Amino acid sequence: MKKNRAFLKWAGGKYGLIDPIADLLPEGNKLIEPFVGAGSVFLNTDYDKYLLNDINADLITLYKFLKRRPKTFIDDARRLFVPRNNHNDAYYALRKRFNRSSDAYERSLLFLYMNRHGYNGLCRYNGSGQFNVPFGQYAKPYFPQAELEFFAEKAKRATFICSSFESVFRRARSGNVIYCDPPYAPLTKTANFTGYATGGFSLAHQHELARRAVHTALKRKIPVLISNHDTDLTRLLYQQAQITSLSVARSISQKGDARHRVAELLALYLHEHSNVIDLSRKFGKVAT
């Protein structure tokens, strides 16, 4: 089956892992994604309905506009993808316009523009909530018309929300399936977890996600699949799940020519007995 790419460039996107993820996802009447990101899993699965959440309000607002008026949005977005806007001064002027704008539609158009013109397709905000990704200096940024059109058509089956992952779990019902692609845990126990958690996803959040996965699968009979780095920490967090190990190529440069292999895992929680242990004793130092 042909795989469909997301229209956004996204760090940690799951396009390259679609096959193992799809193989593990159980059947159901709705797929729920508390951390939808660019939506590669949504775009490459076939559930009757989808509930797609992300904490990034700009991302979810863009998805809602694209679903509601796809032709208008695509036509308006294309106007930003012109040679005069692929220059340093134009990019920073439009980034400033985005940061000063309170118009949701304008911000959605500029979000797509910056995603394709900014460095490595990063999505990053400073402490004041200002988008601060630098100019990417690409020869000719790609306008993803076909990908936008496919997303808009598939979005007819989807509901988009911007909420916490905890509240999304509470909305799950019997017959649903949950796939979680949270901000990844640090690769080593000695990594600076404080720095990692500046985006709002701490060790406590990692533990709470694992706890809710166990509860949802065991008590509510709703299967949960989680992707993350394969580390001692995540092995401990997900010790009662069915673990699938993967080796994934990650690009660490703008040109994509500096790739290294990273160990990742998929943790599948089904109806059998599961348990989450207290991490405060064994991994207390990670949180300092």
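To be clear, the structure that these remarks concern was listed above.
About the criteria used
Residues numbered from 1 in each chain as written. Predicted model: local features only at pLDDT ≥ 70, side-chain atom pairs only at ≥ 80, totals over all residues. Heavy atoms only, no water. Helix = DSSP H or I, 4+ residues; strand = E, 2+ residues; numbered from the N terminus. Buried < 20%, exposed > 50% of the residue type's maximum accessible area, 1.4 Å probe, protein only. Contact = heavy atoms within 4.5 Å. Polar contact = N/O pair within 3.5 Å; in protein donor to acceptor, adjacent residues only side chain to side chain. Phe/Tyr/Trp six-rings, centres within 6.5 Å; stacked < 30°, edge-to-face > 60°. Lys NZ or Arg CZ within 6 Å of the ring centre and 35° of its normal.

J.: Sorry if this is basic, but what is going on with unusual backbone geometry here?
T.: Despite not being glycine, Asn120 shows a phi value in the positive range, around 60°. Within the secondary structure, Asn120 sits in the loop between helix H6 (104–117) and helix H7 (145–154). Positive phi, close to 60°, is recorded for Lys221, a residue that is not glycine. With respect to the element layout, Lys221 can be found in the loop between helix H10 (203–218) and strand S5 (224–229). With a relative accessible area of 42%, Lys221 lands in the partly exposed category.

J.: What's the story with the environment of Thr234 in this structure? I'm lost.
T.: Following the sequence through the fold, Thr234 ends up in helix H11 (residues 232–237). Along the sequence, Thr234 and Tyr184 sit 50 residues apart, while their C-alpha atoms lie 9.5 Å from each other. In this view, Thr234 contacts Ala185, Asn228, His229 and Leu265; residues no more than four positions away in its chain are not counted. A distance of 2.7 Å separates a polar atom in the side chain of Thr234 from the backbone oxygen of His229.

J.: For this particular structure, what's the right way to read the environment of Leu94?
T.: Mapped onto the elements, Leu94 comes out in helix H5 (residues 88–100). Given a relative accessible area of 9%, Leu94 falls into the buried group. Through-space distance from the C-alpha of Leu94 to that of Met114 is 8.3 Å; in sequence the pair is 20 residues apart.

J.: Explanation requested: the packing of aromatic side chains in the structure shown.
T.: Any two aromatic rings considered together are summarised by their centre-to-centre distance and by the angle between their planes. Under the criterion given, the structure shown has 22 aromatic pairs. On the basis of an interplanar angle of 80° and a centroid distance of 6.0 Å, the ring pair of Phe73 and Tyr105 is categorised as edge-to-face. One end of the pair, Phe73, is in helix H4 (residues 70–78); the other, Tyr105, is in helix H6, and 32 residues separate them in sequence. Pair check on accessibility: Phe73 and Tyr105 agree, each one buried. Arranged with centres 6.4 Å apart and planes meeting at 65°, the rings of Phe111 and Phe131 form a pair that is edge-to-face. Pair noted here: Phe111 is in helix H6 and Phe131 is in the loop between H6 and H7, with a separation of 20 residues, a long-range link. Across the pair, exposure class does not vary: Phe111 and Phe131 are buried alike. Members of the aromatic cluster, joined through ring pairs, are Phe7, Phe42, Tyr47, Tyr50, Tyr63, Phe151 and Phe160. Directly above the ring of Phe98 sits Arg107, whose terminal nitrogen or CZ lies 4.0 Å from the centroid. When the ring centre of Phe42 is taken as reference, the NZ or CZ atom of Lys154 above it lies at 5.1 Å.

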